[in-house]
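Summary of structural features
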Amino acid sequence: MRQSLILLFASLFSIGAISQNGVEVPDSNANILPRFTIDGIDHPVGVNGEVYKNLRIEYRVSERLQIQLQHFYDKFGTHEQTGSKLLLKWYVKKKLFLFAGPEALFDINQVTGEHELMQTNLNIGIGYEVNPSLLLELGYHSRTNSNKVTIGNFGRPVNPNSFSLRASF
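Definitions and limits used
- Residues numbered from 1 in each chain as written.
- Predicted model: local features only at pLDDT ≥ 70, side-chain atom pairs only at ≥ 80, totals over all residues.
- Heavy atoms only, no water.
- Core = buried A, V, L, I, M, F, W, Y, C linked by side-chain atoms within 4.5 Å.
- Buried < 20%, exposed > 50% of the residue type's maximum accessible area, 1.4 Å probe, protein only.
- Helix = DSSP H or I, 4+ residues; strand = E, 2+ residues; numbered from the N terminus.
- Contact = heavy atoms within 4.5 Å.
- Salt bridge = Lys/Arg side-chain N within 4 Å of Asp/Glu carboxyl O.

**A closer look at the nonpolar core**
Within the largest apolar cluster, five residues are counted, these being Leu87, Tyr91, Phe97, Phe99 and Leu135. Elements that contribute at least two residues to this core include exactly strand 4 (79-91) and strand 5 (96-109). In contact with leucine 87, not counting residues within four places along its chain, are Gln66, Ile67, Gln68, Phe99, Ala100, Gly101 and Asn123.

Shown next, in the form of structure tokens:
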């Protein structure tokens, strides 16, 4: 009886040991990011007819250099605001990057059809990708056009220079 139990345990142990796979080696292509990506957000129309749309196109030139084109459209009441920015991103480390580039903003009055504000900025800053769905950026925006408008979009005062802290998820 004892020999049959030992034989049974030995056979079960050997079958279990043989049937297990070794440690898998991860695919080397799994960490390669896509060269060209398009991402966008289109929020539903708000209660008062507010509209917000955002489009981002990214092209990875090399492992450390990336070009990004962003465009947004925002509508509130009788005003529409649209803007585009072209950013160069330089990855200092795997998730830490520096960015710089120009931005152009237009504010349009729907009643008169006139451009009430045209603003051009130079953006510089630093960003960190916490994970694929969370991005943190700290930026400095320097207004470069000579337009002396003191009231900006939606009646907010316009500052020639400003800082921004942005999180996207």
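What follows continues from the structure just given.
**Thoughts on the environment of asparagine 121**
Residue placement: asparagine 121 occurs in strand 6 (residues 115-131). On the basis of relative accessible area, asparagine 121 is assigned to the buried category, the value being 8%. Counting along the chain gives 22 residues from asparagine 121 to arginine 143, while the straight-line C-alpha distance between them is 4.4 Å. Leave out the neighbours within four places in its chain, and asparagine 121 touches Gly101, Pro102, Glu103, Leu105, Ser142, Arg143 and Thr144.

**Section: the pattern of salt bridges**
Two side chains with opposite charge may pair up if their charged atoms get near one another. Tallied over the full model, the rule gives two salt bridges. A salt bridge links arginine 56 to aspartate 39, with the shortest nitrogen-to-oxygen separation between them at 3.0 Å. Here the residue arginine 56 occupies a position in strand 2 (residues 51-60), and aspartate 39 occupies one in strand 1 (residues 36-42), the gap between them amounting to 17 residues. The partner of arginine 56 in a salt bridge is glutamate 58, and the shortest N-O contact between them spans 3.4 Å. Using a relative accessible area of 18% as the deciding quantity, one classes glutamate 58 as buried. If you follow the salt bridges from partner to partner, you end up with Asp39, Arg56 and Glu58 in one network.

**A short note on the side chain of lysine 85**
Summarising the element assignment, lysine 85 is placed in strand 4. Once residues within four sequence positions are removed from consideration, lysine 85 is found in contact with Gln68, Leu69, Gln70, Pro102, Glu103 and Asn123.

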